[in-house]
Amino acid sequence: MCTYKSYCWSMGTTSFRTADFNQKIERQLTLLSKFWEVHTDVVWSGNDEIQSLYYDFMKDNDFLTGDAPNKPKDAREKTSGLIDLGLIDNERRPTAAGESLRQITSNGDFRPNNLLQIPADSYIYFKQMLKTSNDVDGEIVRPFVVLVLALKQLEYLTQEEFTYLLPLITTSRKFRTIVDCIKRLRKGDITIDEIIVDTLLTMENYREARLYLLERPVSEHVICQAGINRKSRQYDSTYYPLYRTIESLDRNNAQSILDLLQACRNIRIGALWCNHLFKTTNRGKIKKLLSASLNDVPILNCRNEFELKDRFFRLMHLFKVKANLSDYFDLNRRYFGTTDTVLFKDNRVELSPVPKCFFDLCAENLEEIAFTTSPLLPLDCDIEKIIPRYDIEESDLHRKLADKYGLAPQSLSDIRAFLDDERHERFNRLIDARFPDHVLLELLSDFETRNDINIRRLVTDNADVPTIFEYIVGIVWYKVSNRKGRILDYFNLSLDADLLPKTHAAGGMEDITYRYNASPSYPEHTLLIEATLAEANAQRRMEMEPVSRHLGDFLLRDNRQEAYALFVTPFLHLNVISDFRGRKQMLYYSSDGEQCINGMKIIPLNTAELKNIIANSMTYDQLYPIFECAHQNNEPPKTWYENNIMRSLQPKKTSTGILGTLFKSGKTKRTFLQKRSGSKLAKTKRSKIDKRTVQKKHRKNIFLRCFFIALSFGYLTKNH
């Protein structure tokens, strides 16, 4: 009887597929530590009661929602991924490696104090991934090491190669074979489908299953046995009607073709069969086109039963494998991504510069451990103990980097400067490719309506939406500033190797610290940007004190430096505006009361106005005097924002910019943006003012506004 055997490795299990991957791991470590402080000396394994209690504990701490029908199972699944990484043991107690990671994230100290220059938490993941192994039916493989060795030989993997071929490497022999096949694939000598099927047929159970089908009359039982389904043979019963409809297909009979379509759709992964067999799956077009609606593929042109059986067997297992490996792709990407050493961009997978050079120096050593287990998995050990005969010095890595990238200088500062420039160049390319102005406008509107699904689709699902908001605001301000400055240094949030945001459990600083050198338009100063999605009373409670505290503490640290804060949100609470305006004349003291500053400049900004800034192609040279003029105005808070910020940032009447073509009907851009955003600021006075009145007042005041702005700017430049 044909038996199922695994043919690939995978990282984790599909039950642990989760957004905010890093944050969820970190929170689980914290929750488990707290849980075991209460439930000491209790066994986890086989203890449904304690597993149910942990499920409830996770729910009480807002880690999950809903009510699982099987709490023990859900608790096991939610923690399984941490076992695979060696961060907890089978009894769900944190290991030494897990405790080190928890300490790093708890302290919020992610400084890259390691040879690879990756964040401290990523370095823990990196070492764990080097030790992590899979047992594939008795064949031991370390997936991350296999990835590194493959990239060493191939430079990169396409997304298809990473998804469908890399996980098939479970032995050193298969490594050599598949790497060679990928080289042939890139020359056009072989296809991915052929590589998958050929690899399967090297396994004894697949050869037996093929012969089982070829040597017997076809029946539902025979098809089910040849399918060697892992869960139950009966799960493959729907393949039997498909086989029969292919066998009896009449290309000139519409009903026969429609029966084939339905037989495909009755299979769980029927979409793969439909795409292979049909040019169109529209029933009306099939009736009209008949045979022209079918693809010209070998399985529909078999000369005899033997050929049909053989091709059916190959396709049945090919599509099963591809569906399974597609399911694993996201998990493998997430696990490897925790190391911050692997880039996933433009449908390619490659190592970032420093790790690439690092592994060039020790690839031969890694070959010794690629297909072995590591007893060091639960330990937070030095990398010298993980990689055999490790002898890489910092100077060795510097020379390798210099040689590989054509760098003449080899000092540490020169190397770091090169790496910093390389990251900023990649970030600018990322902005150009993924965040042009129209996408930023769409995202800002999505933040206003909390269209979280689209936000994650456009950016990443490895960060929560508030973190993504900070990231997008930072990108907008970088573009507003004509991309001046080292934006990646200004971000106070973590980015992965692809320079996309990721969420940690810790926090506590301003979101963005933007530093400006003196220019003809403004003095040297620092802008602290705070971005929040909090609304109403939550905004008052969560943001009023932190914003002023961050700015106040910053000014106390260096009272010679000019600095102010910008508070960005989709919803501006009137009392938040009032509080920020009051800070203009309020003393702020140090914790010991020995130092103080007299007044702070905090400018609130609604995302509706931020969208206008983008639509009007405004730059920071224009915005700085507007903000300074608004800050100096002593109008009451209730009308201050509308008269000093909103009106100064109104959409231009004759725009030829990104939104210009949308307003030829005579409607103002402000009306359009208000309708598009659904901004909750519309509840303020501006929603009650007639459009013509606003325009009339705007024309009357434009000269005075320009005069005061110019006056303010002249005063500032004279004093600085």
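Overview of the structure. Note that the coordinates shown come from a computational prediction; the quantities given were computed from them, not determined experimentally. (Residues numbered from 1 in each chain as written. Predicted model: local features only at pLDDT ≥ 70, side-chain atom pairs only at ≥ 80, totals over all residues. Heavy atoms only, no water.)

Re the overall build of the chain
Per the secondary structure count, the chain includes 31 helices and 13 strands. Every one of the 720 residues in the chain was classed for burial, and the buried ones make up 53%. Considering only intrachain contacts with a sequence separation of at least 6, the fraction spanning at least 24 residues in the chain is 67%. Here the chain displays about 32,800 Å² of accessible surface, and carbon together with sulfur accounts for 48% of that area. (Helix = DSSP H or I, 4+ residues; strand = E, 2+ residues; numbered from the N terminus. Buried < 20%, exposed > 50% of the residue type's maximum accessible area, 1.4 Å probe, protein only. Contact = heavy atoms within 4.5 Å. Areas by Shrake-Rupley, 256 points an atom, 1.4 Å probe, with all protein chains shown as cover.)

Overview of helix 6 (residues 143-154)
Helix length check: helix 6, at 12 residues, gives a terminal C-alpha distance of 16 Å against a target of 16 Å (1.5 Å per residue), a fit within 8%. Burial analysis of helix 6 places 10 of its 12 residues in the buried class, the great majority of the element. Looking only at helix 6, the buried set comprises P143, F144, V145, V146, L147, V148, L149, A150, L151 and L154. Where helix 6 terminates, the next one or two residues include E155, which has phi positive at roughly 75 degrees. (Expected span 1.5 Å × (residues − 1).)

Points about the side chain of N114
Among the secondary structure elements, N114 is positioned in the loop between helix 4 (96-107) and helix 5 (120-131). On the basis of relative accessibility, which here comes to 9%, the residue N114 falls in the buried class. Within the local environment of N114, its side chain forms a polar contact with the backbone nitrogen of Q117, the two atoms lying 2.9 Å apart. (Polar contact = N/O pair within 3.5 Å; in protein donor to acceptor, adjacent residues only side chain to side chain.)

What to know about the packing of aromatic side chains
For the structure shown, the criterion picks out 41 aromatic pairs. One aromatic cluster in this structure is built from W9, Y123, F126, F144, F162, F329, F336, F344, F358, F359 and Y390. The ring centre of Y564 lies 4.1 Å from the NZ or CZ of K601, which sits over that ring. Positioned above the aromatic ring of Y624, the side-chain terminus of K601 is 4.8 Å from the ring centre. (Phe/Tyr/Trp six-rings, centres within 6.5 Å; stacked < 30°, edge-to-face > 60°. Lys NZ or Arg CZ within 6 Å of the ring centre and 35° of its normal.)

Side note on the packing of helix 4 against helix 5
Viewed as axis vectors pointing N to C, helix 4 and helix 5 meet at an angle of 165 degrees, and their least axial separation amounts to 9 Å. When the interaxial angle is binned, helix 4 and helix 5 end up roughly antiparallel. Read as a crossing pair, helix 4 and helix 5 show a hand that is left-handed. Residues A97, S100, L101 and I104 of helix 4 pack against A120, D121, I124, Y125 and Q128 of helix 5. Taken together, the residues of the contact of helix 4 with helix 5 sort by class into 6 nonpolar, 2 polar and 1 charged. (Axes fitted to C-alpha atoms, helices over the stretch in contact; angles between N-to-C directions. Parallel < 35°, antiparallel > 145°, perpendicular 65-115°, else oblique. Left-handed = near helix turned anticlockwise from the far one by under 90°. Nonpolar A, V, L, I, M, F, W, Y, C, P; charged D, E, K, R; others polar.)

A few points about the sheet that holds strand 10 (residues 563-569)
Taken in spatial order, the 4 strands line up as 8-9-10-13 in an open sheet, and their pairing is mixed. The open sheet has two edge strands, strand 8 (512-516) and strand 13 (602-606), and neither has a second partner. For this sheet, the mean angle separating the axes of adjacent strands, direction not counted, is 25 degrees. Sheet topology note: the strand 8/strand 9 (residues 525-531) ladder contains 5 bridges and is antiparallel. (Pairing = 2+ DSSP bridges.)

Some details on unusual backbone geometry
The phi torsion at R389 lies on the positive side, around 50 degrees, for a residue other than glycine. Note that R389 resides in the loop between helix 18 (383-386) and helix 19 (394-404). Judged by its relative accessible area of 55%, R389 falls in the exposed class. Here the phi dihedral of R483 falls at roughly 60 degrees; this positive angle occurs in a residue that is not glycine. Inspection of the secondary structure puts R483 in the loop between helix 23 (465-480) and helix 24 (487-490).

So, the side chain of H525
Of note, H525 is situated in strand 9. H525 sits in the buried class, given a relative accessible area of 1%. Polar side-chain contacts of H525 include one of 2.7 Å to the backbone oxygen of P523. A distance of 2.7 Å separates polar atoms of two side chains, one belonging to H525 and the other to Y620.

A look at the pattern of salt bridges
All chains considered together, the criterion is met by 32 salt bridges. In this structure, the salt-bridge partner of D310 is R210, at a minimum N-O distance of 2.7 Å. Placement of D310 in helix 16 (residues 305-337) and of R210 in helix 10 (residues 204-214) is noted, with a sequence separation of 100 residues between them. The partly exposed category is assigned to R210, whose relative accessible area is 21%. One continuous salt-bridge network, built from bridges that share partners, spans D330, R333, R334 and D461. (Salt bridge = Lys/Arg side-chain N within 4 Å of Asp/Glu carboxyl O.)

Quick word on the sheet that holds strand 4 (residues 342-345)
Strand order in the open sheet formed by 3 strands is 3-5-4, with antiparallel pairing between adjacent strands. For this open sheet the edge positions go to strand 3 (157-158) and strand 4, each flanked by a neighbour on one side alone. Judged from the 2 bridges that link them, strand 3 and strand 5 (residues 348-351) form a sheet pairing that is antiparallel. Each residue of the ladder has a partner; that of T158, found in strand 5, is R348.

A look at the nonpolar core
W273 and F358 are the most contacted members of the largest nonpolar core, which totals 140 residues. Take this core: its biggest share by element is 14 residues, from helix 16. If we skip the residues at most four places from it in the chain, F358 touches L115, L116, F126, I383, I387, Y390, I392 and L397. Grouped together as the second largest cluster of nonpolar side chains are 78 residues, V480, L493, L551 and W640 included. (Core = buried A, V, L, I, M, F, W, Y, C linked by side-chain atoms within 4.5 Å.)

A look at the environment of I228
When you line up the elements, I228 lands in the loop between helix 11 (220-227) and helix 12 (239-247). Owing to a relative accessible area of 2%, I228 belongs among the buried residues under this scheme. I228 sits 224 residues away from Y4 along the chain, and the two C-alpha atoms are 5.4 Å apart. Setting aside residues no more than four positions away along its own chain, I228 makes contact with C2, T3, Y4, N205, Y206, A209, R233, D236 and H317.

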